[in-house]
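Chains, contacts and geometry: an overview
Here are the chains, one letter per residue:
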Amino acid sequence: MASANGGIIGKYNVPVDNGQAEVISTFNASGTLTTAAQTTSLEYLVIAGGGGAGSGVSGGGGAGGYRTASGFSVSASTAYSITVGAGGAGSAAGNSSSMHGSDSVFSTITSEGGGYGSGFQGAGDDGGSGGGVGGRSGHADGAGGGDVSPSGQGNDGGNRGGGGANALGGGGGGGGAGAVGGDSRQTDGTNYTHGGHGGAGTASSITGSSVTRAGGGGGGADAGNATGGTAGSGGGGTGGGTGGGDTAGTANTGGGGGGCQSSDAEGSAGGSGVVIIKEPAIVDLQNTSGMWTMQAVYTARIGNNWTS
């Protein structure tokens, strides 16, 4: 008596390394990205330069516009120009276009520079995130700068927290990618001389670890016993006041500059932007013809013993 066990014939999938690993390119200054040979889509993070802050009692600068997405279509082995926006200047002359942050650009993606934090009694500037209103504002509430259209790149700058027109009041905080700038804060029953806090930035893990960028600058204080607004997380500058002067936005975060207090001549500059590109690793599965060993096993019983 005999029996047979057949083998298996078929195909199996084999992962094939074609040589293109994941590539992360960080641009802290303008340059050129050339995509890898098999890259047809990628992930990007494009942050513009943050806004600077004006003179007198000033609002905090707004963060640079923040745009990110994955699955963005590109052409393989193609050069793409990268523009990294500079931060806006701090100003001793009130408000000027040089205080607005510069745009960052990759392909068809443009992030708007941050709006400046207004100088004394001025309205905040619109931008990727809006700048804070100037101290002792005579404007109606809502004078903090707005985020640009289309929205989604950032948030509005802060306003005065209360009090009548031209009353004592600190500057509003600059908007951040993750939150609006804070309004000036109350110091007594009448006055709001503390600067508004900068709006928080937004975290990204495009480089493999979580990093927060594009925070708004804190607003400046209006009186000697008042504090400046805190820096928005993610590179915003601190507003000037009791305990220290204003500080600039951090380079390559798009953070807004801190507004100055009444005894200082000018606010601080915004931080420069950054562009980060992640190209995925490409690994193929190939169908490869393969055959398992065919075996036929014959057994027979002879007496009380089995043989093969």
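Residues numbered from 1 in each chain as written. Predicted model: local features only at pLDDT ≥ 70, side-chain atom pairs only at ≥ 80, totals over all residues. Heavy atoms only, no water.

**Regarding the sheet that holds strand E7 (residues 104-106)**
As summarised here, the arrangement of the four strands in space is E3-E6-E7-E8, forming an open sheet in which the pairing is antiparallel. With one partner strand each, in any of the chains shown, strand E3 (31-34) and strand E8 (109-111) form the two edges of the open sheet. Between one strand and the next, the sheet's axes are offset by a mean angle of 20 degrees, whatever the strand orientation. Across two bridges, strand E6 (residues 79-83) lies against E7 in antiparallel orientation. Considered in E7, the bridge of Thr 83 is made with Val 105. (Pairing = 2+ DSSP bridges. Helix = DSSP H or I, 4+ residues; strand = E, 2+ residues; numbered from the N terminus. Axes fitted to C-alpha atoms, helices over the stretch in contact; angles between N-to-C directions.)

**With respect to the packing of aromatic side chains**
Counted according to the given criterion, the structure contains four aromatic pairs. Taking the centre distance of 5.4 Å and the plane angle of 85 degrees together, the rings of Tyr 44 and Phe 72 count as edge-to-face. Residue Tyr 44 is located in strand E4 (residues 41-47), and its partner Phe 72 is located in strand E5 (residues 66-73); the two are separated by 28 residues in the primary sequence. You'll find Tyr 44 and Phe 72 in the same group, each marked buried. (Phe/Tyr/Trp six-rings, centres within 6.5 Å; stacked < 30°, edge-to-face > 60°. Buried < 20%, exposed > 50% of the residue type's maximum accessible area, 1.4 Å probe, protein only.)

**Regarding the side chain of Ser 137**
Tracing the backbone shows Ser 137 in the loop between E8 and strand E9 (202-204). What makes Ser 137 buried here is its relative accessible area of 3%. Dropping the residues within four chain positions of it, Ser 137 is found in contact with Gln 121, Arg 160, Ala 165 and Asn 166. (Contact = heavy atoms within 4.5 Å.)

**Quick word on the pairing of strand E11 (residues 274-279)**
Each regular strand shows side chains that alternate between the opposite faces of the sheet. Most of E11 sits out of view: six of its six residues are buried. Here strand E2 (residues 23-27) runs beside E11; their pairing, made up of five bridges, is antiparallel. Considered in E11, the bridge of Ser 25 is made with Ile 277. Bridge analysis of E4 against E11 gives five bridges, and the strand direction is antiparallel. Along E11, the bridge assignment pairs Glu 43 with Lys 278.

**Topic: the sheet that holds E4**
In spatial order, the strands read E2-E11-E4-E5; together these four strands make up an open sheet with antiparallel pairing. Strands at the two margins of the open sheet, each flanked by one partner only, are E2 and E5. Mean inter-strand twist for the sheet, computed between neighbouring axes without regard to direction, equals 10 degrees.

**Section: empty space enclosed by the protein**
Applying the stated criterion across every chain yields a total of one cavity of 30 Å³ or more. Its boundaries defined by the atoms lining it, the largest cavity holds a volume of some 60 Å³. For the largest cavity, the lining is made up of 14 residues, of which Arg 160, Gly 162, Ala 167, Leu 168 and Gly 169 are closest to its centre. Its residues placed into classes, the lining of the largest cavity shows three nonpolar, nine polar and two charged. (1 Å grid on protein atoms, 1.4 Å probe; cavity = no way out; pocket = protein on both sides within 12 Å on 5 of 7 lines; lining within 4 Å. Points joined across faces, edges and corners; volume = space filled by probe spheres on them. Nonpolar A, V, L, I, M, F, W, Y, C, P; charged D, E, K, R; others polar.)

**Quick word on the nonpolar core**
Within the largest apolar cluster, 14 residues are counted, with the highest numbers of intra-cluster contacts made by Leu 42, Tyr 44, Phe 72, Ile 82, Phe 106, Val 275 and Ile 277. Counting only elements with at least two residues in this core, the list comes to E4, E6 and E11. Looking at which element gives the most residues to this core, the answer is E4, with three residues. By size, the runner-up hydrophobic cluster in this structure holds nine residues, among which are Leu 45, Ala 63, Tyr 66 and Ile 206. (Core = buried A, V, L, I, M, F, W, Y, C linked by side-chain atoms within 4.5 Å.)

**A short note on unusual backbone geometry**
Of note in the backbone geometry, Gln 121 takes a positive phi value of approximately 70 degrees without being a glycine. With respect to the secondary-structure elements, Gln 121 resides in the loop between E8 and E9. Residue classification places Gln 121 among the partly exposed positions, given a relative accessible area of 31%. Even without being a glycine, Asn 252 presents a positive backbone phi close to 60 degrees. Of note, Asn 252 is situated in the loop between strand E10 (211-213) and E11.

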